[in-house]
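# Summary of the model geometry
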Amino acid sequence: MFSLLLAFSALAGLLLVHGQSVIVPGAPWKDTSGNPIQAHGAGILKVGSTFYWFGEDKSHNSALFKAVSCYSSTDLVNWARHNDALSPVAGTMISTNNIVERPKVIFNSKNNEYVMWFHSDSSNYGAAMVGVATASSPCGPFTYKGSWKPLGADSRDEGLFQDDDGTAYLLYASDNNQNSKISRLDANYYNVTSVTSQLNGATLEAPGIVKRNGVYWLIASHTSGWDPNPNKAFHATSLAGPWSSQADIAPENVRTYYSQNAYDLPLGSNAIYMGDRWRSNLLGSSQYIWYPLDFSSGSPQIVHADVWSVNIGAGTYSVASGTSYEAENGQLGGSSRLLSNSAFSGGKAVGYLGNGGTVTITVQGRGTAQWVALYIANGDSSWRNTTISVNGGSSIVLDQPNTGGGGVVLSIPVQLNLRSGSNTITFSAGQSNYAADLDKIIVY
């Protein structure tokens with residue numbers, strides 16, 4: 001099946017995450033002022049009981065530098081935007097014609113100073129440098145110190161890790177992205193002093209480290225441009241290595257649930273995987289994919305959760321439960337038809353939606369706005385979308401990413417106003433393009 005990518009945004013008409021107590025991976029996320037959060041390639045810093053989220057402001061839908069944003073929260077759900085932490089400086093490597101990506105901030109107790117590192121580059125990604133800036137408060141504003149190649153070698157995607165003893169390390173893709181390096185910072189955190197370890201031929205990007213019970217876990221993606229790939233985990237008992245072979249943190253075929261690692265935040269005995277679902281043609285609409293990262297099996301595994309919550313004080317997470325409705329049990333309309341594949345729940349899904357094909361599913365509601373997860377398969381290389389109408393009302397449009405194959409199922413969230421008792425939800429009516437195949441929905 002073929003589809004046309006509609007020119008308008010999937011965000012139109014949706015009820016967005018704002019003033020809530022749950023994390024919904026892939027949902028548009030608003031700050032406490034009601035504006036979309038712009039903090040891609042995230043870095044998290046905790047100061048006292050407050051978390052600070054630094055990231056790339058992509059609201060201009062460009063890879064070029066606009067600002068490093070700074071948000072604060074005490075619950076990891078409701079975020080307030082502050083002044084920009086880092087702003088462009090004309091005539092430098094952080095001008096609006098340059099690349100500033102993956103900002104990470106750590107606190108240097110020796111100098112009572114906050115230090116930011118970031119990927120600093122030319123517009124064609126040819127410079128391959130790190131940049132450093134400093135500030136006296138978490139959100140700064142930070143003062144740019146400069147950009148350079150660490151120890152004379154390339155550095156593109158990067159991260160920071162601060163060990164228990166205060167020593168800090170730069171994690172970076174080097175040597176034309178072929179080798180992954182970990183280098184120790186100096187006492188001021190202004191530069192690197194030496195390479196601590198090197199994973200030759202690893203071709204890693206988006207690195208982060210979580211330390212658990214004396215074991216260092218390096219989590220990173222491989223290189224596939226803006227497209228997702230299966231992110232991996234490596235472990236060692238010393239940052240100097242030796243490092244283990246790579247292991248999956250999620251089923252390979254879902255490509256880390258269409259995301260790329262940005263930061264890995266410790267949570268009790270587990271962690272939180274914080275990733276980006278990039279949209280290269282609409283970078284500002286790229287969504288945040290945050291999941292529990294569970295270590296109970298002995299190695300980190302993403303816990304797929306459509307809706308979940310975190311208890312920071314207890315260091316725990318909980319996954320919401322919902323009611324599942326199989327699409328094949330709905331009322332098919334027009335040219336839609338049943339599809340069979342063992343990857344689908346119950347072995348069936350509804351396909352040929354859109355372009356005259358519809359399906360209507362009857363669900364029970366609570367008389368409030370509720371999260372609904374659509375489990376879809378989209379084997380195209382491009383995104384699709386679907387219209388959604390509740391109880392015959394006006395339609396909204398939800399974008400649907402390519403899932404990596406017609407037999408690969410991902411879930412995408414939408415928040416709908418459901419009345420108490422019975423409701424009908426109609427998918428893909430009134431659209432000329434094809435929507436993704438629909439396996440099931442879960443109402444939370």
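Note that the coordinates shown come from a computational prediction; the quantities given were computed from them, not determined experimentally.

With that settled, the discussion passes to the environment of glycine 48. Tracing the sequence through the fold places glycine 48 in the loop between strand 1 (40-47) and strand 2 (50-56). Look at glycine 48 and you get exposed, because its relative accessible area is 65%. Through-space distance from the C-alpha of glycine 48 to that of aspartate 165 is 18 Å; in sequence the pair is 117 residues apart.

This paragraph deals with the environment of valine 390. Structurally, valine 390 is set in strand 29 (residues 384-390). In the structure, valine 390 is positioned 21 residues away from alanine 369 in sequence and 12 Å away in space, judged by C-alpha atoms. With near-sequence residues (within four places) excluded, valine 390 lies in contact with Leu416, Asn417, Leu418, Asn423 and Thr424.

Here the focus is the state of the cysteines. By definition, a disulfide links the sulfur atoms of two cysteine residues through a covalent bond. Scanning the entire structure with this criterion turns up one disulfide. Here cysteine 70 engages in a disulfide with cysteine 139; their sulfurs sit 2.0 Å apart. The sign of the -65° torsion about the S-S bond sets the cysteine 70-cysteine 139 disulfide as left-handed. Here the residue cysteine 70 occupies a position in strand 3 (residues 68-73), and cysteine 139 occupies one in the loop between strand 7 (129-135) and strand 8 (143-148), the gap between them amounting to 69 residues.

For the structure shown, the criterion picks out 19 aromatic pairs. With a centroid separation of 5.1 Å and an interplanar angle of 75°, the aromatic rings of tryptophan 53 and tryptophan 79 are classed as edge-to-face. Taken together, the residues span a long stretch of sequence, with tryptophan 53 in strand 2 and tryptophan 79 in the loop between strand 3 and strand 4 (80-81) at a distance of 26 residues. In terms of burial, tryptophan 53 and tryptophan 79 fall into one category: buried. On the numbers, 6.5 Å between centres and 90° between planes, the contact of tryptophan 308 with tyrosine 317 is edge-to-face. Given a relative accessible area of 1%, tryptophan 308 falls into the buried group. Taking the relative accessible area as the measure of exposure, tyrosine 317 reaches 23% and is therefore partly exposed. A connected cluster of aromatic rings, assembled from ring pairs, spans Trp29, Trp53, Tyr71, Trp79, Tyr288 and Trp290. In this arrangement the basic side chain of arginine 337 is found over the ring face of tyrosine 352, its NZ or CZ atom lying 3.9 Å from the centre.

Cut-offs used in this document
Residues numbered from 1 in each chain as written. Predicted model: local features only at pLDDT ≥ 70, side-chain atom pairs only at ≥ 80, totals over all residues. Heavy atoms only, no water. Helix = DSSP H or I, 4+ residues; strand = E, 2+ residues; numbered from the N terminus. Buried < 20%, exposed > 50% of the residue type's maximum accessible area, 1.4 Å probe, protein only. Contact = heavy atoms within 4.5 Å. Disulfide = S-S within 2.5 Å. Phe/Tyr/Trp six-rings, centres within 6.5 Å; stacked < 30°, edge-to-face > 60°. Lys NZ or Arg CZ within 6 Å of the ring centre and 35° of its normal.

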